[in-house]
Amino acid sequence: MAFCCLQKRSKPECEHTGRLTNQQDVALLASTSSLPRSFSNVNAQFLPSWICTQALPATTRSTTTLADSSTQTSAQLDLPTILARPLLAQPPMAPPPVRIVDVSYVAVPAAGAPPPEPIKLNAMEAQWVVMPVLQHLLFFEGDQLPPFDAVVQSLKSSLAATLATHAPLAGKLHYLPETGDVAIVCSGSDDGVRFVVAESDADVRRLAGDEEHDVHAFERLVPEVDMGELPAPLLAVQATRLEGPGVAVGITVHHAVADGRSLWRFVESWAAACRGDTPPAPPSFDRSRVSLPGGDELARSVLRKYAPNLPVASWPSSVVMEERMRFSRRTFTLDAQHVERLKQRVVRLGPFPDDDDAFLFFFADARGRLDPPAGEDYFGACLSGCLARLPARELRAERALAAAAAAVQGAVREAAEHPLAGWEFLSLPGESLNMDRLMNVSGSSTFRAYEVADFGWGRPRRTEPIRMNHDGQVALVRARDGDGVQASVSMLQRAHMEFEFLELLG
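Residues numbered from 1 in each chain as written. Predicted model: local features only at pLDDT ≥ 70, side-chain atom pairs only at ≥ 80, totals over all residues. Heavy atoms only, no water.

Caption draft 1: Structural context of the sheet that holds strand β10 (residues 246–254). Reading across the sheet, the 6 strands line up as β2-β7-β9-β10-β4-β16 and stay open at both edges, with mixed pairing between neighbours. A single partner strand is all that each edge strand has here, and the edge strands are β2 (98–106) and β16 (462–465). Within the sheet, the average angular offset between the axes of one strand and its neighbour, ignoring direction, is 20 degrees. In terms of strand pairing, β2 meets strand β7 (residues 193–203) through 8 bridges, oriented antiparallel. Looking across to β7, one finds that D102 is bridged to V197. (Pairing = 2+ DSSP bridges. Helix = DSSP H or I, 4+ residues; strand = E, 2+ residues; numbered from the N terminus. Axes fitted to C-alpha atoms, helices over the stretch in contact; angles between N-to-C directions.)

Structure representation (structure tokens):
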């Protein structure tokens, strides 16, 4: 197996968070190259990326034998361009309609204490103003589900209780022209968190199944929120009744105020309140915990650079958007046996020269590596970008797997020793990248999505990210049974998914 993940094109939407505690994952790394003893204590999210470097061989952009050459591109684009590419068009098959039944707002209860002053975004978070949408979908099914009206009522009341400790999420993101800052502002005129109630004739068993996903239907099951101009809401929720019987709970959160760790921390608190259990300790929204050189002025410079037209939060017109295409989406659960099988496969690289580099991009959670640490309870987007690279010739050599492991380890070591080195991830790597040779892994096998999202009706049948519709993107969470990793994969060529990835997994 080789550095196969470094050849795809994709956009990081989520991030790697959580301390490395999965001994199976550490063993996988140790089996291919030597690791420092401190490796398992590195509070960075490179491990899921490594799993994917083993788990995605010639099944993506690299398998040019199956791809229509007319779809290939070698355009040189910088990382902000790659990250800014819009969602890609889905297959023309019309999904079942979703009917909006009710729209209401859940306010912060009287016991809650909205922050009296604006919470200014730091420089890490300011970059996400132009890439704001973080969405996730939870599917529940089975006879243990209460009547839908009771589900809605439970979700609303427990959301209100959760907002008592997450009050900033009921506010909005504002542009402050007098200072040039972007900040979370909570005021008495805010309505609260938008809560959408909907229904659909779609069957939950099909939507949550292992067959190719209906991504267009997925997008209708999360609340639509306009975050393209400030002020913009930070959180919205949608509950949809499905046939089966089933329920879909869709969550939209502004990425500038929450990364993957924060999102699942919120879901954990909400679900605990819905079950009637004691929620985890309240989070901290104190931005002073993240100390960056330059402070507020650095954040303002980031906003001027990437969002020069505020309060319109859009990319500059010079950014080239990718042509809209159609993608295939599937989700796989990988256990140790699957990963071991995939390790025996050798990737087939694309036809680019031996001297060209292939790249793997992923995020590291910087909370525990800052000086002083931000704390595990810090609620925000505390991420540093990591980029591993390797010449193509090394991926075609006999020891390709070991070379790939060493390249990933190098990026990991850099993140551990210099956690702020990649804070301005939109500028990485400071030069043009060939999209055909860049791959991104988002999410993490340490995200306990199924475990924390039990609202009292059992674990979800399926959890899925929404905004990952780019060729070769992979998003990870811990598997439903807690022992493996769930990988959601998006590909341009359906044939790659059907004839290669599925065949590899047996």
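Structure shown, so let's carry the discussion forward.
Caption draft 2: Quick peek at the pairing of strand β15 (residues 438–443). Within β15, 6 of the 6 residues are buried, which leaves the element mostly enclosed by the surrounding structure. Relative to β15, strand β12 (residues 357–365) runs parallel, the two sharing 3 bridges. Its bridge partner lying in β15, L360 is registered against M439. (Buried < 20%, exposed > 50% of the residue type's maximum accessible area, 1.4 Å probe, protein only.)

Caption draft 3: Region of interest: the nonpolar core. Judged by nonpolar contacts, the single largest core of 89 residues is most densely connected at L173 and F455. Beyond its immediate chain neighbours, meaning those up to four positions away, L173 contacts L121, V129, V182, A183, I184, L230, P231, A232, L234, H254, A256 and V257. Among the nonpolar cores identified, the runner-up in size contains 20 residues, and L334, A364, A411 and L476 belong to it. (Core = buried A, V, L, I, M, F, W, Y, C linked by side-chain atoms within 4.5 Å. Contact = heavy atoms within 4.5 Å.)

Caption draft 4: Focus on a nonpolar patch on the surface. A contiguous nonpolar patch, built from I100, V103 and Y105 and spanning about 280 Å² of accessible area, is present on the exposed surface. Of note, Y105 is situated in strand β2. Among the residues examined, Y105 registers a relative accessible area of 44% and is labelled partly exposed. (Patch = residues over 30% accessible without salt bridge, like charges linked within 9 Å, V, L, I, M, F, W, Y side chains within 5 Å. Areas by Shrake-Rupley, 256 points an atom, 1.4 Å probe, with all protein chains shown as cover. Salt bridge = Lys/Arg side-chain N within 4 Å of Asp/Glu carboxyl O.)

Caption draft 5: The arrangement of the pattern of salt bridges in detail. This model, assessed by the stated rule, comprises 24 salt bridges. Close ionic contact of R300 with E297 constitutes a salt bridge, the shortest N to O distance being 3.2 Å. On the criterion of helical spacing, the pair formed by R300 and E297 is a turn pair, its members being 3 residues apart in helix α9 (residues 295–306). The exposure class of R300 is buried, given its relative accessible area of 16%. Between E451 and R448 there is a salt bridge, with the nearest N and O atoms lying 2.8 Å from each other. On the basis of relative accessibility, which here comes to 28%, the residue R448 falls in the partly exposed class. Overlapping salt bridges, with partners in common, bring together K120, D181, D296, E297, R300 and R304 in one network.

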